[in-house]
Amino acid sequence: MNQYPTIQLIVTHGDKIAILIAALPFLGSVAVFALLATHWLVLAAGIVTSLVLLLIMKSYVELVRVISDMLLPK
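Note that this is a predicted model, so its numbers are computed, not measured.

*Asks:* Before we move on, can you summarise the side chain of Ser68 with the specific residues and values?
*Replies:* Among the secondary structure elements, Ser68 is positioned in helix H2 (residues 41–71). Only 2.9 Å separates the side chain of Ser68 from the backbone oxygen of Arg65, close enough to count as a polar contact.

So this is what it looks like as structure tokens:
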């Protein structure tokens, strides 16, 4: 597994990375709402986008874990 450091990173810390990446749209919408005083739907869109992105990232992490378990030598 030392030949593939990115896959090793995703396998070991994938859940934390997925949560961190999924939080970015929400944090961005909070910043836009606070700084520009936009409509409250910006916050709702940030929450929905974060939840969808979390689902996509979690499935990607699981896919990388399955592939690394099945195809990479141990």
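*Asks:* Pulling in residues and values, what's your account of a nonpolar patch on the surface?
*Replies:* A grouping of Ile21, Leu24, Phe26, Leu27, Val30, Ile47 and Leu51 is seen on the molecular surface, where their side chains present a nonpolar patch of about 590 Å² in accessible area. Examining the composition of the nonpolar patch, we find that 5 residues originate from one element, helix H1 (residues 5–36), more than from any other. Accessibility expressed as a relative area gives 56% for Leu51, which makes it exposed.

*Asks:* Explain H1 to me, using residue names and the numbers behind them.
*Replies:* With 32 residues, H1 ought to run about 46 Å at 1.5 Å a step, yet its terminal C-alpha atoms sit only 41 Å apart, falling short of that. Looking at H1, one finds that the buried residues are Ile10, Gly14, Ala18, Ala22 and Ser29. The secondary structure elements touched by the buried residues of H1 are H2. Just downstream of H1, Ala37 is the residue with a positive phi angle, here 55°.

Cut-offs applied
- Residues numbered from 1 in each chain as written.
- Predicted model: local features only at pLDDT ≥ 70, side-chain atom pairs only at ≥ 80, totals over all residues.
- Heavy atoms only, no water.
- Helix = DSSP H or I, 4+ residues; strand = E, 2+ residues; numbered from the N terminus.
- Polar contact = N/O pair within 3.5 Å; in protein donor to acceptor, adjacent residues only side chain to side chain.
- Patch = residues over 30% accessible without salt bridge, like charges linked within 9 Å, V, L, I, M, F, W, Y side chains within 5 Å.
- Areas by Shrake-Rupley, 256 points an atom, 1.4 Å probe, with all protein chains shown as cover.
- Salt bridge = Lys/Arg side-chain N within 4 Å of Asp/Glu carboxyl O.
- Buried < 20%, exposed > 50% of the residue type's maximum accessible area, 1.4 Å probe, protein only.
- Expected span 1.5 Å × (residues − 1).
- Contact = heavy atoms within 4.5 Å.

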